Amino acid sequence: MSDDIRLERFFEDGLHDIAPSHAPDRLRTSIISETRAVRPRPRWLALIKEPPMRTNSRLAVGSPTWRVAVIMAATLLAALMLAGAAFSGAQLLAKDGPIIVDRSGAGTYTTISEAVAAAEEGDEILVRPGTYTEAVEIDKTITLRGDGPVEDIVIAAPEDGPRSALAGRPYALLLVESNAQVSALTLRGQPSQLHIDGGTPGLSGMILDGTGDVYAGDSSPMPHDSVYFGNGTKAELRDSEVIASGSIAIHGFSEPVIVDNILRDGTNIYVKAPGAGALITGNSITDSASRAIGIWGPGPFTIRGNTIERANGEGIGVNSASIAHIEGNTIRDSQSGISISGSDPTVTANVITDNDTVGIISFGGDGVIDDNAVSGNSSGILISGGSPVVSGNTACDNGMNITISNGATPDVDDTNDFCWDQTLTAVIADYEERLQPILQADAAAGDDSTARGVVYLDQADWADELAVAVEELDLPSRYQAEVDEFVTAHHAYAESMRARSDSPSLGSLREASFEALALRQETLKALETAVAPATE
Amino acid sequence: MRRAEAVARMTRELVRRAIEGDRDAFSSLVDASVDRLYAVATLILRDPDRAQDAVQEALMSAWKDVRALRDPDAWDAWLHRITVWACYRAAKKDRRRNRVELRVVPDPAASRTFDSADALADRDLVERQLNDLPLDHRAVIVLRFYLDLPLDEVGDILDIPVGTVKSRLYRALASLRESMAESPIPVDDVKDGTA
């Protein structure tokens, strides 16, 4: 009996052993009594509510057409309501003349905190040039704006200043459940400059200066969060510069919008807690100390049109079952491009060039990787496990243009261009490199080896894996016969391994292995010969 | 075979009557399925309390939306789907509350009277390995190996392609195989393969 079948049977028996044989009586009675109290929904409503399900390719439950129509109508209604609410809100924010803050005493107040304390909802505060060393807290809907060159109007976080309940550290500006609009100010502080605790504030034209408090570890720890989005805020940060800082960090259940900013000299964007999401678009991120954009948790995240250069880590890292749409980003000269781990994102139309290691790598995801241009990386697209859709990509001039490994079963269609001649040559080289140690081990092990069964199973998996990789290559039709022969031979090998593995004789296993290895070498040679003219 | 056909015919008739609003017919369907669904939910969630909640939610939802069922023969598959989804929701709710996942350890005293020491060890091994699997892999394993469903039906229930079912099974088994390397299957099972 093979290891796999034995394992499956062991587990099948084990599941039946540990499963409870009866549901508690109270569960049964509770369900039956509750159904007495309610009636089934009308059919039209049930068809809309229940997600469609097919069995044997036939629609068995629900109605896809009805659902789509209702969802579209509901979306339209929500958009109309939102527009109405925004218009009403704008009417409410009408205000009188601004409050002036001037250190020299020429304004209404000499400190920003005094002006904020005196301001009423809807007021505007103008801040004139100068360095204001204070921790400004805003918990109302006002406008706070620099009146002069942004680099000359500085709020500096006092080292011994108050600590926000949100992050537990000093700050230059703290927004608490506020919808304030803040612009044209420089916030300076180490490690932290800006804390946003709930609310939907907007910040634009800012300079956030961490004065060199960058962090070069794999994932920036909390003490180095320069900008801290927390407590469900939906803040927007746009058209600003964030320099020499740790992370723009997105914490619990926040969904900020981070758009058209320049991040440089160490700064990155990092999601720190599950339940958070973000729209991250149009930013330029250069020389991040670790990965440029790192997300984890369900999201949803949209990462679109960002330019990432010289990241000292991944350009974009997607982890832990994130729902993410990664589109139109450019990542170059970084440690690696886009890394997907245990998530099913959509990775579309990104340009990923000249990175040290891999362009796009997917560990066990089932997402969509389409229309990306990947070139000049050590490895182009690497699918390690999982079943993503891989379509319309161009991956050329990488060390290995496409690699499918670790039992991956991607859906790769013929719209990809993997510069097949480069790729096939690399696949064969890699394959033979892996084959040699096994052949050598065979020679060295002799008849006394007891580890053969395990090695054979590994080889069988490996043969299937390689056959899939070759099948997915976009080969011109004139080489199809050779490829078919190659793949057929591998399947025959795998089948023979499985058949022999059931045999009780260790000797027959060894014999099968040698036969199969010889067969593989023959077919590899045949394929190499077939490919050779195309590479000239 | 004749009995299975009779059961299928009766289930079809009960579902048809439940769709027409017959509460007694639905109660009979609950009676016929609640043990199985509770076992599935317990295996997936690894917590009997949460499993009860999930099964209650699933069967209430089945009653409320029974008229969405177009094909009475799909009743069991649909019940399995809404139960698995209720499990997913229960697990997600718990993650939101930052609860630590409970691990159910079999009560040795309860089973010692009829289980041998080896059987106890096997149960414990299966428990531990099931606990270590991610939720979606656990669901595939339970549907495939506990309910003994074919791969295409597992795909229909989870709303994923057969290829994804295979890859999840492959990864789950690979992970189990790895764990087995640390805690091997008892010797009695191994002997017959290589003698």
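In this report, we go over the structure that sits alongside the text. Computed from a prediction, not measured in an experiment: that's the story for all the values here.

**Overview of unusual backbone geometry**
Residue and element names in this part refer to chain A.
Logical step 1: The phi dihedral of Asn 231 is positive, around 60°, even though this residue is not glycine.
Logical step 2: Relative to the helices and strands, Asn 231 resides in the loop between β15 (225-230) and β16 (236-238).
Logical step 3: One non-glycine residue with positive phi stands out, namely Arg 310, at about 50°.
Logical step 4: In this fold, Arg 310 is placed in the loop between β26 (307-309) and β27 (314-319).
Logical step 5: What makes Arg 310 partly exposed here is the crowd of 16 C-beta atoms within 10 Å.

**Thoughts on the interface of chain A and chain B**
Logical step 1: Chain A puts 57 residues into the contact, and the matching count from chain B is 57 residues.
Logical step 2: Counting residues per element, the ones that place at least two in the side of chain A that touches chain B are α1 (3-18), α2 (25-37), α3 (43-49), β1 (53-55) and β2 (58-61) of chain A.
Logical step 3: For the side of chain A that touches chain B, the element with the highest residue contribution is α1(A), accounting for 13 residues.
Logical step 4: When its residues are assigned to classes, the side of chain A that touches chain B shows 24 nonpolar, 16 polar and 17 charged.

**Quick look at the nonpolar core**
Logical step 1: In this structure, Ile125(A), Ile155(A), Ala172(A), Leu173(A), Ile360(A) and Ile381(A) are the most contacted members of the largest nonpolar core, which totals 89 residues.
Logical step 2: Taken domain by domain, the makeup of this core includes at least three residues from each of domain 2 (98-275) and domain 3 (291-418) of chain A.
Logical step 3: Among all residues touching Ile155(A), those that are not within four sequence positions of it are Ile112(A), Tyr132(A), Glu134(A), Val136(A), Ala172(A), Leu173(A), Leu185(A) and Leu187(A).
Logical step 4: Ala46(A), Val40(B), Trp78(B) and Val154(B) belong to the second largest nonpolar core, which has 67 residues in total.

**Section: the sheet that holds β15(A)**
Residue and element names in this part refer to chain A.
Logical step 1: Strands sit in the order β6-β9-β12-β15-β18-β21-β24-β27-β30-β33-β36-β39 across an open sheet of 12 strands; the sheet is parallel. Each end of this open sheet is capped by a strand with a single partner; those strands are β6 (136-138) and β39 (400-405). The mean inter-strand angle of the sheet, taken between neighbouring strand axes irrespective of direction, is 10°.
Logical step 2: Sheet topology note: the β6/strand β9 (residues 173-176) ladder contains 3 bridges and is parallel.

About the criteria used
- Residues numbered from 1 in each chain as written.
- Chains lettered and ligands numbered in written order.
- Predicted model: local features only at pLDDT ≥ 70, side-chain atom pairs only at ≥ 80, totals over all residues.
- Helix = DSSP H or I, 4+ residues; strand = E, 2+ residues; numbered from the N terminus.
- Buried ≥ 20, exposed ≤ 12 C-beta atoms within 10 Å, placed from the backbone.
- Contact = placed C-beta atoms within 7 Å.
- Nonpolar A, V, L, I, M, F, W, Y, C, P; charged D, E, K, R; others polar.
- Core = buried A, V, L, I, M, F, W, Y, C linked by C-beta atoms within 7 Å.
- Domains from an automatic or database assignment.
- Pairing = 2+ DSSP bridges.
- Axes fitted to C-alpha atoms, helices over the stretch in contact; angles between N-to-C directions.

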